[in-house]
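In case you want the letters, here they are:
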Amino acid sequence: MRICSDLLAISSTIPGHDFLADQRDRLQIELTSYANALQNMIPSQAAEYWDGLGKKTDALLTRILATQRAAQAIRMAEEFPADWPFVVLGGPPITDIRFERGQPFPSAFKAIDRLQITACRGEYEPATFVLYALENRDAVKIKASDLMGADDQIPASAVNLHVIKYWYQAGEWGKPDGMGTSQEIGVLVPELLLKNDGLVMVDHEQKRNFVRTEEGLIDITNPAREFNAKGRPLVPNPSLMYFSPRDTPDLQAFDVHKDQIKQIFITVHVPVDTKAGIYRGDIEVHVPASGSLILPLTVEVLPFDLVQAPIDYSIYTRGYIVDGDPSVPCIADDKTEAQYRIEMAGLFAHGIINPMVSDVSFEKFVRAMQIRQEVGMPKGHIYHQGIRIPRDELDNEDSFRRFKQKIPRFVKWAQDNGYKDYYLYGIDEADPLLPQQRRWMQAAHEAGAKVFVSVEDDAGFFDVAGDILDLPIMSGPVQPDIAKRVQANGHRLGIYAFPQVNWDKPEIYRRNYGMRLWQAGYDVEMTYAYQHSFGHIWNDFD
């Protein structure tokens, strides 16, 4: 009963006190009921009581956690002006920590009344804040002002605002075989960044996600397998065949229900010509009929520039440019030029400066490279899987001849356009076939190309192809001694699967592919994959 006693001490003048008192009274009733059930249980009937008592225990725990959460929020409310429509929390923007429905707030998030960012010129630097509603708040609007310095400014357009959408996904490894519905395996994760929070509607009772379209709500948690692993239809007229959702360009108004949160993600892109100094502006959160709250935003621009990262940040990509519109609008492989441009710009803005190129034809390869240049990607090495050593034709002389004939055109284009080395792809994850690939690798070298390919983490590649494989992409964890051995041969070492991209844990990726990779002396980051449909790309449960 101690928690109930603690709640009595909260002042009745605090906004939300009545709500908390109701929570306290419910908890006291349930605690009394639980104690009576235990006291009245007859030992000979323990088995019959067990199921009912288990349900009571679950309900009681839920109530305790909800009451703790409400108490947290109301105590935090004491720190804000009485007319603020929300309790505001701040914490680390890149984190594996999640807000759980009905549970106390994470300890890493505290009450805040301002936001601060430190960045260098050209950097994209994030921040986040969380709005908690003590009562329903509808049509909430958020906007950023210009950030003013002593003799320069950062425009409001450089302050990018998104809602972090919590929705149901199938867990870190996707849907296991034999399990069908989102109710069985759905995990609520903060994965989606939206301008229009209303684009995706989440049903927490059924653990289902719906997307709003002109035709109405579309269920994107249907477990029926209508698409294959490459995202192509398995059945006639699949339900998501022409599904192609569109977010809005600007942040839209949204609702926050009582005892719920809405998390906002801020990305400030400091222009490359910004003068060093302190820049100040505001984030305004406006609620009709309830007024506004103002969060001062301060950005410190440091008086030095960051050098290029020593690691070549790449990623496996499957997308290639097609003529016309793809038969399935949302798919990992087929891309219109407009889609390809948006995706390359997004990768570049997130630090992926040199993603793999997948286009097979020379003309499409050139167009893809031109688009990458246009979005600002630097001219580094080219990692091209459009030319590959063929797994099933290693002993076919005609295939070997065609392979050698294709390479020079791509190599010449890379050289003529100021790129570094041109790499083609070996046989994926096929260490036992490395001896048979040696003559193909030698042919690539004779044509002016280099070879990259994924290999196993036991470093067995080194004994059979360490002298000729230019860029092995070895699965994690990091092995600094192997990096040194590879580099001693004049080659480079890359990494993937440290982990693959299926985990919804951004902090792990930042640590593993950042400091740990740099400390281990690796040359290239290239995990799998930017996209891979595995059914329909919007449905994590099929």
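Quantities reported herein were computed from a predicted structural model and do not represent experimental measurements. Within every chain, residues take consecutive numbers counted from 1 along the sequence as written. Residues qualify for local features only when their pLDDT is at least 70, as the model is predicted, and side-chain atom pairs are given and counted only at 80 or more; totals for whole chains, interfaces and linings, by contrast, use all residues. Water and hydrogen atoms play no part in the side-chain values, which are based on all heavy atoms of the structure.

Concerning the overall build of the chain
Counting its secondary structure elements, the chain contains 11 helices and 25 strands. Taking the principal axes of the C-alpha coordinates as reference, the chain spans close to 85 × 75 × 50 Å. In what follows, residue pairs with any heavy atoms lying within 4.5 Å of each other are defined as contacts. Within the chain, contacts between residues separated by at least 24 positions form 70% of all contacts whose residues are at least 6 apart in sequence. Total accessible area computed for the chain in this model is approximately 26300 Å², and 51% of it derives from carbon and sulfur atoms. Across the chain, 56 positive and 75 negative side-chain charges occur, with their mean positions spaced 1 Å apart. Secondary structure elements follow DSSP: runs of H or I of four or more residues count as helices, runs of E of two or more count as strands, with numbering from the N terminus. Note on areas: Shrake-Rupley, 1.4 Å probe, and residue coverage restricted to the protein chains presented here. The sign given to each residue is positive for Lys and Arg and negative for Asp and Glu; His and the chain ends receive no count. To locate a charge, take NZ of a lysine, CZ of an arginine, CG of an aspartate or CD of a glutamate.

Section: the sheet that holds strand β20 (residues 382–388)
One bridge is not enough; two strands pair if DSSP finds at least two bridges between them. Ordered in space as β17-β25-β24-β23-β22-β21-β20, the 7 strands form an open sheet in which the pairing is parallel. Only two strands of the sheet have a single neighbouring strand rather than two, namely β17 (312–315) and β20. Averaged over all pairs of adjacent strands, the angle between strand axes in this sheet comes to 30°, irrespective of strand direction. Comment: axis = line fitted to C-alpha atoms, over the contacting stretch for helices; angle = value between 0 and 180 degrees taken between N-to-C directions.

A look at the environment of S244
As for its placement among the helices and strands, S244 is situated in the loop between β12 (216–219) and β13 (254–256). Sequence-wise, S244 and V163 are 81 residues apart; in three dimensions their C-alpha atoms are separated by 20 Å. Not counting the four nearest positions on each side in its chain, S244 is found in contact with P329 and C330. Here a polar contact means two N or O atoms within 3.5 Å. Within protein one must be a hydrogen donor candidate and the other an acceptor candidate, and residues neighboring in sequence count only if both atoms are side-chain atoms. For S244, the side chain forms a polar contact with the side chain of R246, separated by 2.5 Å.

Here's the deal with the side chain of T95
Its location among the elements puts T95 in the loop between β1 (87–90) and β2 (110–111). A polar contact of 3.0 Å, which involves the side chain of T95, links it to the backbone nitrogen of I97. Those residues in contact with T95 that lie beyond four places of it in its chain are P506 and E507.

Regarding the packing of helix α6 (residues 362–374) against helix α7 (residues 397–416)
Running from N to C, α6 and α7 point in directions that differ by 20°, and their axes come no closer than 11 Å. In terms of orientation, α6 lies roughly parallel with respect to α7. At the point where α6 passes α7, the crossing takes the right-handed sense. Between α6, through F362, E363, F365, V366, M369 and Q373, and α7, the contact on the second element is made entirely by R409, F410 and W413. Orientation categories follow fixed angle ranges, with anything under 35 degrees roughly parallel, anything over 145 roughly antiparallel, 65 to 115 roughly perpendicular, and all other angles oblique. Left-handed is the label given to a crossing in which the near helix is rotated counterclockwise from the far helix by less than a right angle, and right-handed is the label when the rotation is clockwise.

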